[in-house]
Amino acid sequence: MEPPEDKRAPLDAAEEVILRWDSTASEEARERMIFESDRQEVDRYLQAVDEIQLSLSSVSLSGDEQQSGNKANSTIQIAMARLEDEFRNILLNHTSPIEPDSFDSTALSADPGSSSRSSIDTPSAELDELDDDHLNEEDLSASSDRSSYRSTSSIREIDLVPSEAVLDLRSIAERMVSAGYLRECIQVYGSVRKLAVDASFRRLGIEKLSIGDVQRLEWEQLETKIRRWIRAAKVCVRVVFASEKKLCEQIFEGIGTAVDDACFMETVKGPAIQLFNFAEAISISRRSPEKLFKILDLHDGLMDLIPDIDVVFESKSSESIRVQAAEILSRLAEAARGILSEFENAVLREPSRVPVPGGTIHPLTRYVMNYISLISDYKQTLNELIVSKPSTGTRYSSDPTTPDMEFAELEGKTPLALHLIWVIVILQFNLEGKSKHYKDLSLAHLFMMNNVHYIVEKVKGSPELREMIGDDYLKKLTGKLRQAATNYLRATWVRVLYSLRDEGLHVSGSFSSGVSKSALRERFKSFNAMFEEVHRTQATWLIPDVQLREELRISISEKLIPAYRSFLGRFRSHIESGKHPENYIKYSVEDLEAAVLDFFEGFPVSQHLRRRSQ
């Protein structure tokens, strides 16, 4: 039985409107879009869809009414196909990558107390334009007015689609979901919005790299990519993903059950996995000391983002993204701990045996001290990550390949500070081993003096490192520096000054002056030969620090010059009264004072010692 005439008239009119826009049957319908026509036509079409849907809900599937229902079903299928095309077209017309001008300081700023080292220079021109100078009170007040997850001040949502287009999209989505076309609606939405997200990724310099691709790159390449990723990830989470979530809510919130979440994940799940795969690849890559600081930068950058990730991906359907980010953060922390441990072992076992020329600072010393100075810059992060003491030897251990370190003497130090002190301990232990490769004992002591001095100055020069090491341990290091200098002076000058002793020069039981001239001549000859050898040799040794070099020269002069002046004063007349005194008293006190200034310059003296004036 056909519906009454008064009910059929609106239904027929609705079917007519829908069929008129059937793109499979009309060339005009294929060339034009309904939502690009005047609003009356849009309203007419939507009303026609509503009319058909209403008829389907009121028609029973028995008797003659089944034919009418079949016709309505066919019509609604045509309408849904059309609305799907319209939905896609509206989205495409408003799909473009987010412009760099939209990335303000809110998205890039770090959370209070976080490290600011991560976002230094970046090769991406777009990101270079982003700075912290544009943050003002209006930005902050706008953030505080947002609802629920928009209360996170670092999130910066952007209207990706104009409000008029959002209303049109919502009106289409409501009808597609009501008609049972939820899956089709989500697929269309996701496929189009993914294009926009991909375009924003390209604009930010985020490449499509698998975990394997990342691990095959050279570390120098990765360092640049890590810097770029840290800044880009902030924009992705705080701007791109947050804005996509907002758009999903504007269009789908309240339509069905969690449709907005489904559309959001359809759009961003793939890009989010792509984004975090990079950090994951770094977190599981082969560990080596040079990677520590970039891994810490990555850790700090991701740590800053975790609150925003938890907010943007708050739904049950996006739990996998939250879990992935948290697991990566945990692996980065473990990688940092592992690298520090491996660094300590590498310092202890560094195998080079060739002595550095001139006893100067060993490359290992420079590398290690620069390294731990950088570590101290990251103390806020590392104090949280390093929670256990280093594995060290003790004075009771019998392992000769590991130095001693007693923790009782360092009570109150943080685990990180203990690790840094342990690195200095094992560095000195290694250097002492290397000093044994010098054949000249004096040079071995000079080598240790140079290197311990460098360690002390590095600690003093870094307020952060000095605070962690502590003045007590610094005093201990300074004591080792003085001891090395004393050992050098003894090894070199005791033997030289021994030739200026009085013993053995006096002749007893003689009517002469009581001094053996032959013995005295031998003493002067011995002194001259030894001093000339020391001068020739030690001028080529190097003390790179000007102040230390001058202090050691003063120490030498304080021992040498008074002893020589006294010896010369007591015995000069005995030599000058004999033949060829210039062969024995070759140098004046002033000559020696000048010669000492040649010491430790690192290059051979250009001429023989200047002879005294006759």
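Rules of the game
Residues numbered from 1 in each chain as written. Predicted model: local features only at pLDDT ≥ 70, side-chain atom pairs only at ≥ 80, totals over all residues. Heavy atoms only, no water. Helix = DSSP H or I, 4+ residues; strand = E, 2+ residues; numbered from the N terminus. Buried < 20%, exposed > 50% of the residue type's maximum accessible area, 1.4 Å probe, protein only. Contact = heavy atoms within 4.5 Å. Areas by Shrake-Rupley, 256 points an atom, 1.4 Å probe, with all protein chains shown as cover. Core = buried A, V, L, I, M, F, W, Y, C linked by side-chain atoms within 4.5 Å. Axes fitted to C-alpha atoms, helices over the stretch in contact; angles between N-to-C directions. Parallel < 35°, antiparallel > 145°, perpendicular 65-115°, else oblique. Nonpolar A, V, L, I, M, F, W, Y, C, P; charged D, E, K, R; others polar. Phe/Tyr/Trp six-rings, centres within 6.5 Å; stacked < 30°, edge-to-face > 60°. Lys NZ or Arg CZ within 6 Å of the ring centre and 35° of its normal. Expected span 1.5 Å × (residues − 1). Bend = angle between axes of the 7 residues up to and from the residue. Salt bridge = Lys/Arg side-chain N within 4 Å of Asp/Glu carboxyl O. pLDDT = per-residue confidence, 0-100.

## Quick word on the overall build of the chain
On a plain count of helices and strands, the chain comes out with 23 helices and zero strands. Taken over 614 residues, the chain has a buried fraction of 50%. Sequence separation of 24 or more characterises 80% of the internal contacts of the chain that already satisfy a separation of 6 or more. Accessible area for the chain stands at about 29,400 Å²; split by element, carbon and sulfur atoms hold 50% of it.

## Considering the nonpolar core
Within the largest apolar cluster, 182 residues are counted, with the highest numbers of intra-cluster contacts made by F87, W229, F241, F313, I375, Y488 and W493. If you tally residues by element for this core, the top one is helix 11 (residues 219–252), at 18 residues. Leave out the neighbours within four places in its chain, and F87 touches L169, I172, A173, C185, V188, Y189 and F252.

## What to know about the packing of helix 15 (residues 363–377) against helix 17 (residues 415–435)
It is the contact of helix 15 with helix 17, at a shortest axis distance of 11 Å, that shows an interaxial angle of 175 degrees. Our classification of the angle between helix 15 and helix 17 gives roughly antiparallel. From helix 15, L364, T365, V368, M369, I372 and I375 reach across to helix 17, where they touch L416, L420, V423, I424, L427, N430, L431 and K434. Tallied by class, the residues present in the contact of helix 15 with helix 17 amount to eleven nonpolar, two polar and one charged.

## Observations regarding the environment of T75
Mapped onto the secondary structure, T75 falls in helix 4 (residues 65–93). Residues T75 and I18, 57 residues apart in the sequence, show an inter-C-alpha distance of 7.1 Å. The residues touching T75, leaving out its near neighbours within four places in the chain, are E15, I18 and I52.

## Brief notes about the packing of aromatic side chains
Taken as a whole and judged by the stated rule, the model has 22 aromatic pairs. One aromatic cluster is present, built from ring pairs that chain together Y488, W493, F527, F531, Y564, F599 and F600. The aromatic ring of Y498 is capped on one face by R501, whose charged end is 3.8 Å from the ring centroid. One cation-aromatic arrangement involves R521 over Y584; the distance from NZ or CZ to the ring centre is 5.9 Å.

## Let's talk about helix 12 (residues 259–283)
Across its 25 residues, helix 12 extends 34 Å between first and last C-alpha, which sits within 8% of the 36 Å expected from 1.5 Å per residue. By the largest-angle criterion, V268 marks the main kink of helix 12, which is about 45 degrees, and a proline, P271, follows within four residues. The buried fraction of helix 12 amounts to 20 of the 25 residues, a majority that puts the element mostly inside the structure.

## A short note on the environment of F429
Mapped onto the elements, F429 comes out in helix 17. Between the C-alpha atom of F429 and that of T402, which follows or precedes it by 27 residues, the distance is 8.0 Å. Discounting residues that sit within four places of it in the chain, F429 has contacts with L348, P400, T401, T402 and P403.

## Section: the pattern of salt bridges
For the structure shown, the criterion picks out 32 salt bridges. Between E27 and R30 there is a salt bridge, with its nearest N and O atoms 2.6 Å apart. Highlighted residues: E27 and R30, both in helix 2 (residues 27–31), separated by three residues, approximately one helical turn. Judged by its relative accessible area of 45%, E27 falls in the partly exposed class. Ionic pairing is found between D297 and K294, a salt bridge with its closest N-O pair at 3.2 Å. With a gap of three residues between them, D297 and K294 both fall in helix 13 (residues 292–312), about one helical turn apart. Residues D297 and K294 agree in their burial class; the two are buried.

## Remarks on the packing of helix 17 against helix 20 (residues 471–498)
Between helix 17 and helix 20, the shortest axis-to-axis distance is 12 Å and the interhelical angle comes to 10 degrees. In terms of axis orientation, helix 17 runs roughly parallel to helix 20. In contact with I421, I424, V425 and Q428 of helix 17, helix 20 contributes Y473, L477 and K480. When the residues that make up the contact of helix 17 with helix 20 are grouped by side-chain class, the tally is five nonpolar, one polar and one charged.

## Some remarks on the confidence of the model for the chain
Mean pLDDT over the chain: 85, with 84% of residues reaching 70 or higher. When the elements of the chain are averaged for pLDDT, helix 7 (residues 137–144) gives the smallest value, 33, and helix 18 (residues 441–461) the largest, 97. Note on residues 1–5: pLDDT is under 50 here. Beyond four places in sequence and across chains, it has five contacts. Scored below 50 in pLDDT, residues 110–151 makes 76 contacts in the model with residues more than four places away or belonging to other chains.

## Comments concerning the side chain of E86
Its location among the elements puts E86 in helix 4. Judged by its relative accessible area of 0%, E86 falls in the buried class.

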